[in-house]
Amino acid sequence: MRIVTEHLSYIYNERSPFATRALDDVSLTVEEGEFFGIIGHTGSGKSTFVQHLNGLLRLPSALKRRAKRGDTVLTVGEFDLADRKTDLRALRRKVGMVFQYPENQLFAETVFDDVAFGYKNFADGKPSQEETEAAVRDALTTVGLDYEAVKEVSPFELSGGQKRRVAIAGVIVTKPELLVLDEPAAGLDPLGKQEIMELLHTLHSSWCKTVVIVSHDMDEIAENCTRVAVFAEGRVKYVLPPRELFKRTEELLALGLDVPLTAKLTLALKKRGVEIDSDFTLEDFAEKVLARRRTC
Amino acid sequence: MLKDVSFGQYYPVKSFVHGLDPRLKILFLIGFIVAIFLAKEFLALGICAAVLFAAILFSRVPIGKVLRAVRGILFLVLFTAAINIFFYQGERVYWNGPAVLLQWGIFRVTQAGIVFSAFLVVRLVLLVVCSSMLTYTTTPVALTDGIESLLTPLKWIRFPVHELALIMSIALRFIPILLDETERIMNAQKARGADIGSGGPIRRVRAIVPVLIPLLLSAFRRADELGDAMDARCYSGGKKRTKYKKLRFSWRDLVGVLLLAGVIAGVVLMRFYPVFPL
């Protein structure tokens, strides 16, 4: 699903002493098929932006917008979110949203019931037991859990990593076309992180054509994303492929953002007169360094 | 949506009322409530309303914000008014016309009923406005400090005043956190197609479960973590603890005391020597 936003602004607690401008004239486009990254500080507007994508935060009505001179555009696939009458249910079926620490949203008595929750909510009419079972089995298998072993277990008895998988299964059970994830690997150990990222790639090549991921982990971004948007103080600073973006290591550091390890090394080497032109993934960087050594 | 819950929220500006000693504000609130309940005529309520209005003006809290607190009890107000209009038994005549304006079965609309229910509505609104003014103009911390200080005499009978105050301030502190958390969980479940806040009463209650369970779990988890954190810093009850902010009585407080004590005394006096009795 293609995402187009133009001049999107959002103010929390408007007209009160708590008013904070979370988004300020954000314009950006995510093409179908992308693995799109969003980085930025806490409070930079990333999460606010992402919540617009499935209508959890709404644009002000057209009337108010006209009064404010804005000509905001926000479309996700065929859904026009500037239109108040958009069918949010249809939209949310196609746009899966995995929040930060999604394991905190588990509630049902068994893993099966929890994963089936979304499926039943979005189904047209009442789905048959077989249909539900097939969908839940599919989702649980995709996230790398053994369906037969976990379906009757209480989600609260699982380990942290397993809980997160169940939570993700509960979102992808409707086979969304666009999957939005807010820090999907936060709080996991390195192996767990790697597994989650592998899972996202599997999903990206199967059900969810477009993936948008919010992350603090620059290595994760450098390794996985086709393009990256940098948010700062509610504005979009850059939208670039990681390869281009992390060439601006110094600017990113000035914004108070971290950069991948490879970018730091590239910068350090550059200061010593060694130019390495890699795409900032660990493998490519290592190869380029080795190649460079051979030529010296 | 949940952020619209304005009753009991601090409104952060600097003003005369904000600067008053919290102990004083609590005592005034109590005095004011007593006065409102003792008031037997519109004039007394009017004086209370005027004082309250002045307090709102001096506190620089927008009137709209104050009135929003009333919205929360709108149903209660309307219900009380309706009951009294239809069932009040008084026969007094206040203006030219029949005492009983309408009679239909057991329902009876009388002049006295209309006047009396208007009186009740004013009284309810005043009660809500004055108590929400306390929370608008006093930070939760100041409020609990004030309560702790006022309850100090109870320490003599070994009542755990400090612990009570601590529980209160933690509870108050957690309200916004839990509201945030509720919103987050609601969003997560909405993203999974949960239909919250629509449909009949049974569907509504059922729709709460996916929100309530994660919320309770997270509340317990937070409580556990907070307990551990306090333990780790060797927190141990009330004895020998000093205060970061000492409460002090200042000239503004004296002005406040004199003013309000006068009003409350006046209103109480009017109960025994009514001017325009109902």
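Residues numbered from 1 in each chain as written. Chains lettered and ligands numbered in written order. Predicted model: local features only at pLDDT ≥ 70, side-chain atom pairs only at ≥ 80, totals over all residues. Heavy atoms only, no water.

Chemist: For this particular structure, what's the right way to read the overall build of chain B?
Modeler: A count of helical and extended segments in chain B gives 10 helices and 2 strands. Secondary structure elements in chain B, listed N-terminal to C-terminal, are α-α-α-α-α-β-β-α-α-α-α-α. In summary, chain B has a C-alpha radius of gyration of 23 Å against a globular reference of 19 Å for 278 residues, an excess of more than 25%. Taken along the three principal axes of its C-alpha coordinates, chain B extends 75 × 55 × 40 Å. Looking at chain B as a whole, 33% of its 278 residues are labelled buried. For chain B, restricting intrachain contacts to residue pairs at least 6 apart in sequence, the fraction spanning at least 24 positions comes to 73%. About 16800 Å² of surface is accessible on chain B, with carbon and sulfur atoms providing 70% of the total. Each charge class in chain B can be summarised by its mean position, and for the 33 positive and 16 negative side chains these summaries are 4 Å apart. (Helix = DSSP H or I, 4+ residues; strand = E, 2+ residues; numbered from the N terminus. Rg over C-alpha atoms; globule rule 2.2 N^0.38 Å. Buried < 20%, exposed > 50% of the residue type's maximum accessible area, 1.4 Å probe, protein only. Contact = heavy atoms within 4.5 Å. Areas by Shrake-Rupley, 256 points an atom, 1.4 Å probe, with all protein chains shown as cover. Lys, Arg positive; Asp, Glu negative; His and termini not counted. Charge placed at Lys NZ, Arg CZ, Asp CG, Glu CD.)

Chemist: Which parts of the structure should I look at to understand the sheet that holds strand β5 (residues 79-80) of chain A?
Modeler: Strand pairing within a sheet occurs via backbone hydrogen bonds; the two strands may be parallel or antiparallel. Residue and element names in this part refer to chain A. Read across the sheet, 4 strands follow the order β2-β1-β4-β5 without closing on themselves; strand pairing throughout is antiparallel. A strand with exactly one partner marks an edge of an open sheet, and here the two such strands are β2 (20-30) and β5. Pairing geometry for strand β1 (residues 3-12) and β2, over 7 bridges, is antiparallel. Paired with Y12 across the bridge in β2 is T20. (Pairing = 2+ DSSP bridges.)

Chemist: What is the right way to read a nonpolar patch on the surface from this model?
Modeler: All names here are of chain B. A cluster of nonpolar residues, F75, F79, I83, F86, F87, W104, I106 and F107, forms a patch on the protein surface that exposes about 880 Å² of accessible area. Of the residues forming the nonpolar patch, the biggest block, 5 residues, is contributed by helix α5 (residues 74-87). Structurally, F86 is set in helix α5. With a relative accessible area of 33%, F86 lands in the partly exposed category. (Patch = residues over 30% accessible without salt bridge, like charges linked within 9 Å, V, L, I, M, F, W, Y side chains within 5 Å. Salt bridge = Lys/Arg side-chain N within 4 Å of Asp/Glu carboxyl O.)

Chemist: So what exactly am I meant to see when it comes to the interface of chain A and chain B here?
Modeler: Interfaces are often described in size by the accessible area the parts lose on coming together. If you look at the interface, chain A gives 21 residues, while chain B gives 19 residues. Around 1800 Å² of area is buried between chain A and chain B when both sides are counted, 62% of it from carbon and sulfur atoms. Looking at the side of chain A facing chain B, the largest losses of area belong to N104, Q105 and F107 of chain A, adding up to 27% of the total buried there. Run the count over chain A and chain B and you get 1 salt bridge. For the salt bridge of R192 of chain B with D114 of chain A, the shortest nitrogen-to-oxygen distance reads 3.1 Å. In this structure, the connection of chain A to chain B is made through 4 residue pairs in polar contact (both at pLDDT 80 or more). Secondary structure elements with two or more residues in the side of chain A that touches chain B: α4 (111-122) and α7 (160-172) of chain A. Top contributing element to the side of chain A that touches chain B by residue count: α4 of chain A, with 5 residues. Residues belonging to the side of chain A that touches chain B are distributed by class as follows: 11 nonpolar, 8 polar and 2 charged. (Buried area = accessible area lost by both parts, 1.4 Å probe. Polar contact = N/O pair within 3.5 Å; in protein donor to acceptor, adjacent residues only side chain to side chain. Nonpolar A, V, L, I, M, F, W, Y, C, P; charged D, E, K, R; others polar.)

Chemist: Hey, could you run me through the layout of surface pockets in this one?
Modeler: By volume, the second largest pocket amounts to about 710 Å³. If you list the elements that add at least two residues to the lining of the second largest pocket, you get α3 (88-94) and α4 of chain A together with α9 (201-232) of chain B. Broken down by class, the residue content of the lining of the second largest pocket amounts to 10 nonpolar, 4 polar and 8 charged. (1 Å grid on protein atoms, 1.4 Å probe; cavity = no way out; pocket = protein on both sides within 12 Å on 5 of 7 lines; lining within 4 Å. Points joined across faces, edges and corners; volume = space filled by probe spheres on them.)

Chemist: Please clarify how the pairing of strand β10 (residues 235-240) of chain A should be interpreted in this entry.
Modeler: Residues in a regular strand project their side chains so that they alternate between the two faces of the sheet. All names here are of chain A. Judged from the 5 bridges that link them, strand β9 (residues 227-232) and β10 form a sheet pairing that is antiparallel. When the bridges of β10 are listed, A232 appears paired with R235. The loop that links β9 with its antiparallel partner β10 comprises 2 residues; one of these, E233, has a positive phi angle of about 50°.

Chemist: Please explain empty space enclosed by the protein as it appears in this structure.
Modeler: A probe matching the size of a water molecule, rolled over the atoms, marks out where space remains unfilled. Applying the stated criterion across every chain, the model contains 1 cavity of 30 Å³ or more. The volume enclosed by the largest cavity comes to roughly 50 Å³. Along the walls of the largest cavity sit R92, G96, G118, F122, G170, V171 and T174 of chain A together with A191 and R192 of chain B, which together make up its complete lining. Put simply, the parts of the chain that give the lining of the largest cavity at least two residues each are α4 and α7 of chain A. When the residues that make up the lining of the largest cavity are grouped by side-chain class, the tally is 3 nonpolar, 4 polar and 2 charged.

Chemist: Whenever I open this one, unusual backbone geometry confuses me. Can you help?
Modeler: Leaving glycine aside, a negative phi is the common case for residues, and trans is the common case for peptide bonds. Residues and elements named next belong to chain B. The backbone of R60 shows a phi angle near 60°, a positive value even though the residue is not glycine. Position of R60 relative to the elements: it lies in the loop between α3 (42-59) and α4 (63-71). When its relative accessible area of 54% is taken as the criterion, R60 is described as exposed. Here the phi dihedral of R158 falls at roughly 60°; this positive angle occurs in a residue that is not glycine. By the secondary structure assignment, R158 is in the loop between α7 (140-150) and α8 (161-191). For R158, a relative accessible area of 78% puts it in the exposed group.

Chemist: Is there a simple way to explain the domain arrangement of chain A in this structure?
Modeler: Residues and elements named next belong to chain A. Partitioning chain A into structural domains gives domain 1 (3-252) and domain 2 (260-296). Measuring from the centre of the C-alpha atoms in domain 1 to the corresponding centre in domain 2 gives 33 Å. When domain 1 packs against domain 2, close to 950 Å² is buried across both sides, 60% of that on carbon and sulfur atoms. The largest per-residue losses of area from domain 1 upon contact with domain 2 belong to E223, R243 and T249, which jointly make up 46% of the total buried on that side. With a shortest N-O distance of 3.6 Å, R243 and D277 are connected by a salt bridge. Remark: the boundary between domain 1 and domain 2 carries 2 residue pairs in polar contact (both at pLDDT 80 or more). Broken down by element, the residue count for the side of domain 1 that touches domain 2 peaks at 4 residues, all from helix α9 (residues 218-224). Classifying every residue of the side of domain 1 that touches domain 2 by side-chain character gives 4 nonpolar, 1 polar and 5 charged. (Domains from an automatic or database assignment.)

Chemist: I would appreciate a short explanation of the nonpolar core in the present structure.
Modeler: Nonpolar side chains in soluble globular proteins tend to be buried together. Judged by nonpolar contacts, the single largest core of 52 residues is most densely connected at V115, L140, L179, L200, L245 and F246 of chain A. Leaving out residues up to four positions away in the same chain, L245 of chain A has contacts with I39, V228, V230, Y238, L240 and L252 of chain A. Ranked by size, the runner-up nonpolar core spans 36 residues in total, among them V61, L124, L143 and V263 of chain B. (Core = buried A, V, L, I, M, F, W, Y, C linked by side-chain atoms within 4.5 Å.)

Chemist: Just checking my understanding: could you explain the packing of aromatic side chains for this structure?
Modeler: Each pair of aromatic rings is reported with the distance of its centres and the angle of its planes. All names here are of chain B. Inspection of every chain in the model, using the stated rule, returns 9 aromatic pairs over all chains. With 5.4 Å between their ring centres and 90° between their planes, F42 and F119 make a pair best called edge-to-face. Of the two residues, F42 sits in helix α3 while F119 sits in helix α6 (residues 111-137), which places them 77 residues apart along the sequence. Members of the aromatic cluster, connected to one another through ring pairs, are F86, F87 and F107. (Phe/Tyr/Trp six-rings, centres within 6.5 Å; stacked < 30°, edge-to-face > 60°.)

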